[in-house]
Amino acid sequence: MKAVCFVKSVPDTETRVRLTGNRLDKSEIKYILNPYCEFAVEEAVRKKEAGIVDEVLVISMGPSRAQEAIRSALAIGADRGVHIEDDNLDGSDAIVTARVLVEAFKKEGGLDNYQILLFGLRAIDGDTWSVPSMIAELLGIPAVTNIVKLDINGNKAIAIRMVEGGEEVFEVELPCVFAARKGLNEPRYPSLPSIMKAKKKPITRYTISDLGIPSDAVGKVGSFTEVLEYTLPPQRQAGKKVEGEPEQVVEELIKFLREVANII
Amino acid sequence: MNFALSEEYKILQKMVRDFAEKEIAPIVDRVESEENIPDELLAKMAELGLNTITIPEEYGGPGMDTISFALAIMEVARVSASVAVAMSVTNMVAEGIYRFGNEEQRRKYLPKLARGEYLAGAFALTEPGAGSDAGSIRTTAVKEGNEYVINGNKVFITNGLKAGIFMVAAVTDKEKGKKGISVILVERGTPGLTIGKKEKKMGQRGSDTVELVFDNCKVPITNLLGNEGDGFKIMLADLDGGRIGIGALACGVMRACVDEMVKYSKERVQFGQPIANFQAIQWMIADSVTELEAAELLVLRAAWLKDRFLKGEGGRFTKEASIAKLFATEAANRVAYRAVQVHGGYGYIEEFPVERFYRDIRVTTIYEGTSEIQRLVIARSILEG
Ligand SMILES: Cc1cc2nc3c(=O)[nH]c(=O)nc-3n(C[C@H](O)[C@H](O)[C@H](O)COP(=O)(O)OP(=O)(O)OC[C@H]3O[C@@H](n4cnc5c(N)ncnc54)[C@H](O)[C@@H]3O)c2cc1C
């Protein structure tokens, strides 16, 4: 059995986001492998180490920096990478991204070759949470998102999905899409020897024409949605401190919650 | 010329940063107050390859280069100078064994350092009567049959409590001065080697600094590193690499100082505004960042030159390693001074990390060659040329 992880390069959480006008200023951004994708890769590699999976492929679409995200996944222990890079892709929305990824996946043999499709639940930049389910839909296979546990048994999987107030346990037939959340595993620190090994692992490159996709089907022109502008979140206000005797404090707090915050 | 870090360096840098933040930062206060780096931490570092960064795969290391080593030290030092110096010295010892040892010695000791079976290595040169003037050491190693019998005292030995292996400089021929010095590998627990007093230090308290007493300590003659009489040259050549580590350590501490200065100056309000609004504070930050970035470039250049030298593609890097160490450590002391200054009275209080940075950085202009000795090395190489 083989597994594929779809990964994304995203700005480091420590990056200070700057805007030039209402556009994102990317000049000083440092990029990392999306932390949720790390859970996905770690899970796939663990399945490989457990002898359940015999190959872990990593696919990423994005500019040249996406290669670094792929290389990070290879350092965790994935076997090889596919990088889809094409200037026309700039501005692609979630559905276009899903379509392009599906074409690349098919080029690698698709569902005939890969039965476990792992994703991060969300990418911490665009945060649309939608690509995994879109890909499942495009491929006509089930998806279990938000998972904290994944057990593979023959061609079936048991996945535990977090829902508000509890967990849902799914038994699904493979192939299936799984989207990882925090808690699925604790990703390892890639050791220095694995970083060296990752350097030698192969990465295949595709442009959209390699995938038979016309340029007007991708990028801004091919997308249903368009980002009109970026704005920074409002500045956080300082907290309010209520001081005094307990009875007095409680009374004041309730009044505040009721009248000012409108919560109760 | 290209100043961009390669993919591999960036992945390494991020990994070490994550590791330092998640595995070292939470225990850093304990490391300092208990004056001990937990064995488990050293073992984890070994497992990741951090103790033997430049050692080739065939001896258990990751086979990375000196730039990787410098980047890794910077990240660790940003969180803990104590852990960074322990790591730097262990790497220096591993490299000493790799560069100057024979096949048997490499196979015997390097995998142990790489696997963490030896938690650390120690480099024993300094003696009570021989600091800057390292050529005047008096510890002796006398050949008796198949053994060297070592007698003498070493002081200020980093990692003495943790090391599985010691590179010891000793006089094997009194007639020949510096050319009568040899390096002998001594394993921990060898009878006749006593770990003496542990120093109470101003800073870097987590890193142990101890006295070693050799009293008829017998080791097989096969433990001679390189040739008899080459010891002084070997120790100095190994120190060239070590100095890159200390320069990198200074960069890491400087980076931490800058981070704290920026954070604090934006939060602290006086005269109705954040102190970051005052030009006096801004200039301290600007000067510090300038010195930090200059130091990083000098350290990485020295590392790059060393890698070229080891590949046989370039000349020696002694002068550049000294320049990097001199500049980075002196600059780091200025930066730590400013970091405390920006914090006002709070900078003098233990709860604020800059108080520790200020103490931790002080020794960097002293060990692995004082600033005066670096200047001497630099001037000599220019005047002799
Ligand atoms: C925390 C710590 C860890 C250490 N770890 C190790 C270790 O692991 N292994 C090891 O072997 N040693 C170690 N040392 C020793 C360290 O390398 C020496 O302290 C250092 O080389 C200086 O020697 P000294 O202390 O004897 O000072 P001295 O050599 O006595 O110097 C005193 C002063 O005189 C100056 N001076 C000396 N000679 C000259 C000259 N020719 N021209 C101008 N100025 C001069 C010096 O720069 C200094 O300012 C460590 C020291 C410390 C404090």
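Given the structure is predicted, the values throughout are model-derived calculations rather than measurements.

Help me out: how do you make sense of the overall build of chain A in this one?
Counting its secondary structure elements, chain A contains eight helices and 13 strands. Taken across its 264 residues, chain A has 36% of its residues classed as buried. Of all intrachain contacts in chain A linking residues separated by at least 6 positions in sequence, the fraction that spans at least 24 positions is 71%.

In this structure, what is going on with the overall build of chain B? I would like to understand it.
For chain B, the helix and strand inventory stands at eleven helices and ten strands. Expressed along its principal axes, the backbone C-alpha trace of chain B runs to roughly 80 × 45 × 40 Å. Once local pairs closer than 6 in sequence are excluded, the contacts in chain B between residues at least 24 apart make up 74%.

Explain the site of the ligand here, please?
All names here are of chain B. Around the ligand, 21 residues are found, and the nearest of them are T126, G131, S132, T370 and E372. At the level of secondary structure, the elements contributing two or more residues to the shell around the ligand comprise β1 (120-124), β3 (147-158) and α11 (371-384). Considered class by class, the residues forming the shell around the ligand number eleven nonpolar, seven polar and three charged. Two domains each donate at least three residues to the shell around the ligand, and these are domain 2 (123-228) and domain 3 (232-384).

Explanation requested: the packing of helix α7 (residues 231-267) of chain B against helix α8 (residues 279-310) of chain B in the structure shown.
Between two packed helices, what matters for the description is the angle formed by their axes and the separation of those axes. Residues and elements named next belong to chain B. Contact pair α7 / α8: the axes reach a minimum separation of 9 Å and the direction vectors enclose 155°. Accordingly, the angle class assigned to the pair α7 and α8 is roughly antiparallel. Taken as a pair, α7 and α8 cross one another with a handedness that is left-handed.

Would you explain the interface of chain B and chain A in this entry?
Contacts between chain B and chain A engage 18 residues on the former and 14 residues on the latter. Going through the elements one at a time, α1 (7-24) and α3 (39-48) of chain B are the ones with two or more residues in the side of chain B that touches chain A. Looking at the side of chain B that touches chain A residue by residue, the classes come out as nine nonpolar, two polar and seven charged.

Whenever I open this one, the domain arrangement of chain B confuses me. Can you help?
Quoted interface sizes are often the accessible area lost when the parts come together. Residues and elements named next belong to chain B. Split into domains, chain B comes out as domain 1 (7-120), domain 2 (123-228) and domain 3 (232-384). Here domain 1 and domain 2 have C-alpha centroids that lie 22 Å from each other. Across the contact, 27 residues belong to domain 1 and 15 residues belong to domain 2. For the side of domain 1 that touches domain 2, the elements supplying multiple residues, two or more each, are α2 (28-33), α5 (81-100) and α6 (103-115). A per-element tally of the side of domain 1 that touches domain 2 places α5 first, with twelve residues. In terms of residue class, the side of domain 1 that touches domain 2 is made up of 16 nonpolar, seven polar and four charged.

Help me understand the packing of helix α4 (residues 66-79) of chain B against α8(B) in this model?
All names here are of chain B. Look at α4 against α8: their axes get within 8 Å of each other, and the N-to-C directions meet at 150°. Relative to α8, the element α4 lies roughly antiparallel. Counted together, T66, I67, F69 and A70 of α4 and V299, L300, A303, W304, K306 and D307 of α8 form the full contact between these two elements. When the residues that make up the contact of α4 with α8 are grouped by side-chain class, the tally is seven nonpolar, one polar and two charged.

What is the right way to look at the domain arrangement of chain A in this model?
When cut into domains, chain A gives domain 1 (2-222) and domain 2 (239-264). Inter-centroid distance (C-alpha atoms) of domain 1 of chain A to domain 2 of chain A is 46 Å.

Mind showing me how you'd approach the sheet that holds strand β9 (residues 143-153) of chain A here?
Each strand in a sheet pairs with another by means of backbone hydrogen bonds, the pair being arranged parallel or else antiparallel. Residue and element names in this part refer to chain A. Judged by pairing direction, the sheet is mixed, and its nine strands sit side by side in the order β11-β10-β9-β12-β8-β1-β6-β7-β13 without closing on themselves. Pairing within the sheet leaves two strands with one partner each, and these edge strands are β11 (166-173) and β13 (203-206). Here the average twist between neighbouring strands, direction ignored, is 30°. One ladder, built from six bridges, connects β9 with strand β10 (residues 156-163); its direction is antiparallel.

In this structure, what is going on with the pairing of strand β6 (residues 55-61) of chain A? I would like to understand it.
Put simply, side chains in a regular strand alternate between the two faces of the sheet. All names here are of chain A. With respect to burial, β6 is a largely interior element, six of its seven residues being buried. When strand β1 (residues 2-6) meets β6, the two strands line up parallel, connected through five bridges. Its bridge partner being in β6, F6 is matched across the sheet by I59. Looking at chain direction, β6 and strand β7 (residues 80-84) are connected through five bridges and run parallel.

Which parts of the structure should I look at to understand the pairing of β11(A)?
All names here are of chain A. Sparse coverage of β11 is indicated by the burial of zero of its eight residues. Pairing of β10 with β11 involves eight bridges; the strand directions are antiparallel. Each residue of the ladder has a partner; that of I158, found in β11, is E171.

Whenever I open this one, the nonpolar core confuses me. Can you help?
Burial of nonpolar side chains together is a common tendency in soluble globular proteins. In terms of nonpolar packing, the biggest core is built from 195 residues, with A:C5, A:F178, B:I184, B:V253 and B:V299 touching the most fellow members. No other element matches α7(B), which puts 17 residues into this core. Aside from chain neighbours lying at most four places away, what touches B:V253 is B:A77, B:A81, B:A332, B:A336, B:F357, B:D360 and B:I361.

Honestly, the environment of B:S80 in this entry has me stumped. Any pointers?
Residue and element names in this part refer to chain B. Looking at where S80 falls in the secondary structure, it is placed in the loop between α4 and α5. Each C-alpha atom of the pair S80 and I195 lies 25 Å from the other, and the pair is 115 residues apart in sequence. In this view, S80 contacts I24, V28, V31 and G206; residues no more than four positions away in its chain are not counted.

Each value, and the rule that gives it
All chains use their own residue numbering, which begins from 1 and follows the written sequence. All chains are assigned letters beginning with A, and all ligands numbers beginning with 1, in the order in which they are written. Per-residue local features of the predicted model are confined to residues with pLDDT of at least 70, and side-chain atom pairs are confined, for both listing and counting, to 80 or more; whole-chain, interface and lining totals are unaffected and use all residues. Each helix corresponds to a stretch of at least 4 residues labelled H or I by DSSP, and each strand to a stretch of at least 2 residues labelled E; elements are numbered beginning at the N terminus. With C-beta atoms placed from the backbone, a residue is buried if 20 or more other C-beta atoms are within 10 Å of its own, exposed if 12 or fewer are, and partly exposed between those counts. We call two residues in contact whenever the C-beta atoms placed from their backbones are within 7 Å. To decide nearness, the C-beta atom of each residue is placed from the backbone, and the residue is near a molecule or strand if that atom lies within 6 Å of it. Ten residue types, Ala, Val, Leu, Ile, Met, Phe, Trp, Tyr, Cys and Pro, are classed as nonpolar, four, Asp, Glu, Lys and Arg, as charged, and the remainder, Gly among them, as polar. Segment limits for the domains were obtained from an automatic or database-derived domain assignment. For every element, the axis is a line fit to its C-alpha atoms; helices are fit only across the contacting stretch, and the angle between N-to-C directions ranges from 0 to 180 degrees. Should an angle fall under 35 degrees it is called roughly parallel, over 145 degrees roughly antiparallel, and 65 to 115 degrees roughly perpendicular, with every other angle called oblique. Take the far helix as the reference: if the near one is turned anticlockwise from it by less than a right angle, the crossing is left-handed, and if turned clockwise, right-handed. Pairs of strands are assigned from DSSP output, requiring at least two bridges between the strands. Definition of nonpolar core: a set of buried Ala, Val, Leu, Ile, Met, Phe, Trp, Tyr and Cys residues joined via C-beta atoms within 7 Å.

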